[in-house]
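Structural characterization, general
For reference, the chains in residue letters:
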Amino acid sequence: MNEPDGDTTAYSDVIADSETFADRARRRAELEREAVEWAIDELESEITAQNVVLGPLLEYARRSRASLPERHRRAYEAMAEVFDVDSDVYEVYVFAYAELCEELAGEEGRSEKHPQGCTNALVIPSRLESNGGETPDTGPLVLKNRDISGRGTRPKSIIEQPPIDDYYGFLTVDTCGTISIYKGVNERGLVAANTYIDSNRDDVDPENQLRNGTVIRMLLEECATVAEARSLLESHPIRQLMSQTLFLADRTEGVLLEIDPADARIAVDDDPIVTRTNHFVCSASTETASSTTRRQRALELLNGVDGIDRDELWAIAQDHENGPGDDSICRHPEPETDEPHAFGQLTTASAAVFEGGSPVIDIATGNPCTLERTRCVFGDEIPTDLRTGQRWLERLR
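Thresholds applied
- Residues numbered from 1 in each chain as written.
- Predicted model: local features only at pLDDT ≥ 70, side-chain atom pairs only at ≥ 80, totals over all residues.
- Heavy atoms only, no water.
- Axes fitted to C-alpha atoms, helices over the stretch in contact; angles between N-to-C directions.
- Helix = DSSP H or I, 4+ residues; strand = E, 2+ residues; numbered from the N terminus.
- Parallel < 35°, antiparallel > 145°, perpendicular 65-115°, else oblique.
- Contact = heavy atoms within 4.5 Å.
- Nonpolar A, V, L, I, M, F, W, Y, C, P; charged D, E, K, R; others polar.
- 1 Å grid on protein atoms, 1.4 Å probe; cavity = no way out; pocket = protein on both sides within 12 Å on 5 of 7 lines; lining within 4 Å.
- Points joined across faces, edges and corners; volume = space filled by probe spheres on them.
- Core = buried A, V, L, I, M, F, W, Y, C linked by side-chain atoms within 4.5 Å.
- Buried < 20%, exposed > 50% of the residue type's maximum accessible area, 1.4 Å probe, protein only.
- UniProt positions renumbered as here; feature names shortened; annotations may be inferred.
- Phe/Tyr/Trp six-rings, centres within 6.5 Å; stacked < 30°, edge-to-face > 60°.
- Pairing = 2+ DSSP bridges.
- Disulfide = S-S within 2.5 Å.
- Polar contact = N/O pair within 3.5 Å; in protein donor to acceptor, adjacent residues only side chain to side chain.
- Salt bridge = Lys/Arg side-chain N within 4 Å of Asp/Glu carboxyl O.

As for the packing of helix H2 (residues 21-49) against helix H5 (residues 87-95)
Interaxial distance between H2 and H5 falls to 10 Å at its minimum, and their mutual angle equals 105°. Judged on the interaxial angle alone, H5 and H2 are roughly perpendicular. Side by side, H2 and H5 meet where Val36, Ala39, Ile40, Leu43, Glu44 and Ile47 of the first sit next to Val89, Tyr90 and Tyr93 of the second. Tallied by class, residues from the contact of H2 with H5 come to 8 nonpolar, no polar and 1 charged.

This is the structure in structure tokens:
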């Protein structure tokens, strides 16, 4: 594993004298500017080449933007001011990226929804019989492989937000230039990560639908424990949430929530070992062969291991059984997939392993099978090329 070396940066140095969400978002945008402007230029070229009409996507993006908490909306607006890009394409990039990739993939192409992406796992070592009755000195462990479409036009960086006002700070690896967070750990050691499920309501307008990336960021900013996170979720009407499986962990507790707005139901899975991909297990939902295959493979691997730790989870993140295409945990481009459909195929864009109670993450920005993982600690020095997205760009250029 790579420990931070070479050129490193402490985020506290970057945000000196930044006292508002907007100020910090602006500083972050300055760090990530080259990666974001490259991505928007690439998308704009694809949009022009395929004559994609942005109108409907832009309308959805703007209506979704209205659902943000005010502090997140101010952060988005501050970031948008920094980038020298087409403002409409940037707004779609932030709020309607999956929908844009479906358009660019064409009617017969693979897409964000077919087949689904992402593989997550939760392990509670203290409850596993294989530990021989001893209570291990570790909190619940969470793995997330983030699979996305777009062939690289969703650059990844380390995102760190120190505490501000009454909000907790957090650390994650996620998309450059956006305000949504799909996994992370905060300074108190609360971990949150999700997978998307195609089970949303049609009768809830985008303005009133709390987006998954907003939910996770709110949990990290506002909650210190799993119990607090569940209380915050329950304070919102379930029908107004977006469908997802949500993994939560703190120092002593770990749980998986199947959030199903279509049925206005949250199902709980608190087994010692839990895996999820992109279908519900406790409730009905859209199910693809890819989703079933990846979940069963992850469960098989976890059930066959004694003494599960971060290393074992990382090995699962790298697994190529049934692949390494659509059906494997570590997903790569299918060689027979031609443009434009290749643009819609999902591939693994990042891997992250978290431990409840510990503000430390092991990450890779790209396929974990080809990259050595880097350990990042909240508040510590972190490789500068991870903060800026340059490590992502260097692999693509």
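Some thoughts on the layout of surface pockets
Approximately 690 Å³ is the volume attributed to the largest pocket. Taken together, 34 residues line the largest pocket, and the ones lying closest to its centre are Tyr60, Ala98, Glu99, Tyr196 and Met242. Sorting the residues of the lining of the largest pocket by element identifies H5, helix H6 (97-105), strand S3 (141-148), strand S7 (191-196) and helix H7 (212-222) as the ones contributing at least two each. Among the residues forming the lining of the largest pocket, the class breakdown is 14 nonpolar, 9 polar and 11 charged. Estimates place the volume of the second largest pocket at around 220 Å³. Around the second largest pocket sit 16 residues that line it, and Arg151, Gly152, Thr347, Trp392 and Leu396 are the ones nearest its centre. If you list the elements that add at least two residues to the lining of the second largest pocket, you get strand S12 (347-355) and helix H12 (390-396). For the lining of the second largest pocket, the per-class residue count stands at 6 nonpolar, 7 polar and 3 charged.

Section: the nonpolar core
Counting 37 residues, the largest nonpolar core has Leu43, Tyr90, Tyr93 and Leu100 as its most contacted members. Elements with a contribution of two residues or more to this core: H2, helix H3 (55-65), helix H4 (70-82), H5 and H6. Residues in contact with leucine 43, not counting those within four places in the same chain, are Val89, Tyr93, Tyr97, Leu100, Leu104, Thr153 and Phe343. By size, the runner-up hydrophobic cluster in this structure holds 22 residues, among which are Ala192, Ala229, Leu232 and Leu246.

Thoughts on unusual backbone geometry
Backbone torsion omega between glycine 323 and proline 324 reads 15°, so that peptide bond is classified as cis. Along the chain, the position of proline 324 falls in the loop between helix H10 (310-317) and S12. Not every positive phi belongs to a glycine, and arginine 151 is a case in point at roughly 50°. Summarising the element assignment, arginine 151 is placed in the loop between S3 and strand S4 (156-161).

Some words on the UniProt feature "domain: Peptidase C45 hydrolase" (unreviewed entry) in the chain
As annotated by UniProt and renumbered to match this structure, "domain: Peptidase C45 hydrolase" (unreviewed entry) occupies residues 138-322. Helix makes up 23% of residues 138-322 and strand 28%, with an end-to-end C-alpha separation of 31 Å.

Here's the deal with the packing of aromatic side chains
Within this structure, the stated rule accounts for 6 aromatic pairs. Here the aromatic rings of tyrosine 76 and tyrosine 90 are separated by 5.7 Å at their centres, their planes lie at 5°, and the arrangement is stacked. Of this pair, tyrosine 76 sits in helix H4 while tyrosine 90 sits in helix H5, and the two are 14 residues apart along the sequence. When sorted by exposure, tyrosine 76 lands in the same class as tyrosine 90, which is buried. Ring plane angle 65° and centroid distance 5.0 Å describe the contact between tyrosine 76 and phenylalanine 95, whose orientation is recorded as edge-to-face. Within this pair, whereas tyrosine 76 is found in helix H4, its partner phenylalanine 95 is found in helix H5, the two being separated by 19 residues in sequence. Residue classification places tyrosine 76 among the buried positions, given a relative accessible area of 3%. Exposure remark for phenylalanine 95: the relative accessible area of 1% places this residue in the buried category.

Description of the sheet that holds S4
Taking strand neighbours across the sheet as the criterion, the 7 strands line up as S4-S5-S6-S7-S8-S9-S10 in an open arrangement whose pairing is antiparallel. This sheet does not close on itself; its edge strands, each paired only once, are S4 and strand S10 (265-269). Neighbour-to-neighbour, the strand axes of this sheet turn through a mean angle of 20°, independent of strand direction. Strand direction decides the pairing type here: strand S5 (residues 170-175) and strand S6 (residues 183-186), joined by 2 bridges, are antiparallel. The residue of S6 that forms the bridge with leucine 171 is valine 185.

As for the state of the cysteines
Within this structure, the stated rule accounts for 0 disulfides. No disulfide involves cysteine 101; its nearest neighbouring cysteine sulfur is the one of cysteine 118, lying 13 Å away. Among the cysteines around cysteine 369, which has no disulfide bond, cysteine 330 carries the closest sulfur, lying 3.7 Å off.

What about the environment of threonine 119?
By secondary structure assignment, the location of threonine 119 is in strand S2 (residues 119-123). Residue classification places threonine 119 among the buried positions, given a relative accessible area of 2%. Between the C-alpha atom of threonine 119 and that of asparagine 278, which follows or precedes it by 159 residues, the distance is 7.8 Å. Here the side chain of threonine 119 touches arginine 294 through a polar contact of 3.0 Å, side chain to side chain.

Topic: the pattern of salt bridges
A complete count under the given rule lists 31 salt bridges for this structure. Across the pair arginine 62 and aspartate 88 runs a salt bridge whose closest N-O atoms are separated by 3.1 Å. Here arginine 62, found in helix H3, pairs with aspartate 88, found in helix H5; they are 26 residues apart in sequence, far enough to count as distant. A salt bridge links arginine 375 to aspartate 362; the shortest N-O distance between them is 2.7 Å. Of this pair, arginine 375 sits in strand S14 (residues 374-377) while aspartate 362 sits in strand S13 (residues 358-364), placing them 13 residues apart in sequence. Each of Arg310, Asp311, Glu355, Asp362, Arg373 and Arg375 takes part in a single network of salt bridges with overlapping partners.

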